[in-house]
Protein chains: 2
Amino acid sequence: MNNYTDTLRKHNLKATPQRLAITDSLCMHGHMSIDALYDVMIKKFSSISLATIYKNINLMLENAFIQEVKLPNLKTVYELTKHSHSHIMCEKCGKINDITLDLKAIVNTVSSLENFEISKADLVLSGVCKNCA
Amino acid sequence: MNNYTDTLRKHNLKATPQRLAITDSLCMHGHMSIDALYDVMIKKFSSISLATIYKNINLMLENAFIQEVKLPNLKTVYELTKHSHSHIMCEKCGKINDITLDLKAIVNTVSSLENFEISKADLVLSGVCKNCA
DNA sequence: CTGACTGCAAACGTTTTGCACGGTA
DNA sequence: TACCGTGCAAAACGTTTGCAGTCAG
């Protein structure tokens, strides 16, 4: 289990129980929508407010602790920032896996072809997982 | 210029001026957010309602005339459905280009690796375009 | 002890819904 | 003419903001 106490303090943010529970939840579940996060949080903090979750998610986005993943059809989910990676998603059960792909070749090709300086490649593959097939 | 009169009728949808203006706008502009579409439409139909735009966009999505493109940081945009393709986006000016890439190799690799039946690959490259550099 | 954080309530922006009128086929 | 589509208004969501009380450092 990751502990974000120090990371938060390094960014001059207080390591409140609510914040640590958010990073813990993301660490455990991998990818979570705001709703899913709220469902988990309310069990630990019976009077937590959605406002607190939004405020902290936005703060953590600004400080790059976490990242947003926009998915086709589904709600946006959030994940702890780690090495750059792509996602594969099951359209039936909603399961999301990380996959590490080397997209350098594609990026280079497109970069020269389109005259763009590309800094990021967001790839989401969708389909049906083994269990749902 | 594409004409969607027949396409609409084939799906038992009436070819109203508003609907044709939506497909025309998307054809001309390529990718549009709801706001951008509204701005264009209000010039042709001074009393058009946002509700009409939403209803028609949703109808066209259901009938697969158009597709949703979720972009990092930006609002979702819509485009006429054509051959499968990826997108490249300028983070400075917001310009979006279509690019045709062969992702078969990647899809096949991931497919067997993750035991997924992959049906779709949504790729958005972000960076800075020549003009903004 | 002090400033930052939480939780509440209200505000705000976006999308959807219900309904009466108008237009397409 | 019959019914579908439009436009309006209101409702329903999702997210943000302001503020008073509380807590981390």
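Definitions and cut-offs
- Residues numbered from 1 in each chain as written.
- Chains lettered and ligands numbered in written order.
- Predicted model: local features only at pLDDT ≥ 70, side-chain atom pairs only at ≥ 80, totals over all residues.
- Heavy atoms only, no water.
- Salt bridge = Lys/Arg side-chain N within 4 Å of Asp/Glu carboxyl O.
- Buried < 20%, exposed > 50% of the residue type's maximum accessible area, 1.4 Å probe, protein only.
- Least-squares fit on C-alpha atoms with pLDDT ≥ 70 in both.
- Contact = heavy atoms within 4.5 Å.
- Helix = DSSP H or I, 4+ residues; strand = E, 2+ residues; numbered from the N terminus.
- Arc of directions from axis to C-beta.
- Domains from an automatic or database assignment.
- Buried area = accessible area lost by both parts, 1.4 Å probe.
- Polar contact = N/O pair within 3.5 Å; in protein donor to acceptor, adjacent residues only side chain to side chain.
- Nonpolar A, V, L, I, M, F, W, Y, C, P; charged D, E, K, R; others polar.
- Near = heavy atom within 4 Å.
- Axes fitted to C-alpha atoms, helices over the stretch in contact; angles between N-to-C directions.
- Parallel < 35°, antiparallel > 145°, perpendicular 65-115°, else oblique.
- Left-handed = near helix turned anticlockwise from the far one by under 90°.

J.: When you look at the pattern of salt bridges in this model, what are you seeing that I'm missing?
T.: Side chains that differ in charge, positive against negative, can pair when their charged atoms come close. All names here are of chain B. Applying the stated rule across the entire model yields 8 salt bridges over all chains. For K104, the salt bridge identified is with D102, shortest N-O distance 3.5 Å. Residue K104 shares its accessibility class with D102, and that shared class is exposed. Ionic pairing is found between K120 and D122, a salt bridge with its closest N-O pair at 2.9 Å. The partly exposed category is assigned to D122, whose relative accessible area is 28%.

J.: So what exactly am I meant to see when it comes to the relation of the copies chain A and chain B here?
T.: Each of the two chain copies can be generated from the other by rotation about an axis followed by a shift along it. In the superposition of chain A on chain B (RMSD 0.1 Å, axial shift 0.0 Å), the rotation amounts to 179°. Here the copies are linked by what is in effect a two-fold axis. When C-alpha positions in chain A are compared against the rotation axis, the closest is assigned to L123(A), at 2.2 Å. A high fraction, 100%, of the interface residues of chain A reappear at the interface in chain B, so the copies pair face to face through one surface.

J.: In this structure, what is going on with helix α5 (residues 104-114) of chain B? I would like to understand it.
T.: Helical geometry: 3.6 residues make up each α-helical turn, so side chains three or four residues apart lie on a common side. For α5(B), the set of buried residues is I106(B), V107(B) and V110(B). Seen from one end, α5(B) has its buried residues packed into an arc of 95°, which puts them on one side. α5(B) presents K104(B), A105(B), N108(B) and S112(B) as exposed residues on the side facing more than 90 degrees away from its buried surface. Summarising the contacts, the buried residues of α5(B) are in contact with β3 (86-90), β4 (96-99), α5 (104-114) and β5 (116-129) of chain A together with β5 (116-129) of chain B.

J.: Mind showing me how you'd approach the domain arrangement of chain A here?
T.: How big an interface is tends to be stated in terms of the accessible area lost upon association of its parts. All names here are of chain A. Once the domains are mapped, chain A shows domain 1 (5-80) and domain 2 (86-127). With centres defined by C-alpha atoms, the gap from domain 1 to domain 2 works out at 24 Å. The three residues of domain 1 that bury the most area against domain 2 are H31, L71 and P72, which together make up 60% of that side's buried surface. Here domain 1 is connected to domain 2 by 0 salt bridges. Viewed at the interface, domain 2 and domain 1 are joined by 3 residue pairs in polar contact (both at pLDDT 80 or more). Looking at side-chain class alone, the side of domain 1 that touches domain 2 contains 5 nonpolar, 1 polar and 2 charged residues.

J.: For this particular structure, what's the right way to read the protein's contact with DNA strand D?
T.: Around DNA strand D lies a shell of 19 residues, among which R9(A), Y54(A), T16(B), R19(B) and K55(B) are the nearest. Here, DNA strand D places atoms within 4 Å of the protein, and 75% of those atoms are sugar or phosphate. Here K14(B) contributes a backbone N or O atom positioned 3.2 Å from a phosphate oxygen of DNA strand D. The contact in question runs from a phosphate oxygen of DNA strand D to an N or O atom on the backbone of S47(B), over 3.0 Å. Broken down by secondary-structure element, the contributors of at least two residues to the surface near DNA strand D are α4 (50-62) of chain A together with α2 (17-29) and α4 (50-62) of chain B. Class assignment of the residues belonging to the surface near DNA strand D gives a composition of 6 nonpolar, 7 polar and 6 charged.

J.: Looking at this structure, how should I read the packing of helix α2 (residues 17-29) of chain A against helix α3 (residues 34-44) of chain A?
T.: When two helices pack together, you describe them by how their axes are tilted relative to each other and by the distance separating the axes. Residues and elements named next belong to chain A. Relative orientation of the contacting elements α2 and α3 amounts to 130°, with a least axis distance of 10 Å. One way to sum up the angle between α2 and α3 is to call them oblique. Where α2 crosses over α3, the handedness of that crossing is right-handed. On α3, the residues that touch Q18, A21, I22, S25 and H29 of α2 are L37, V40, M41 and K44. Tallied by class, the residues present in the contact of α2 with α3 amount to 5 nonpolar, 3 polar and 1 charged.

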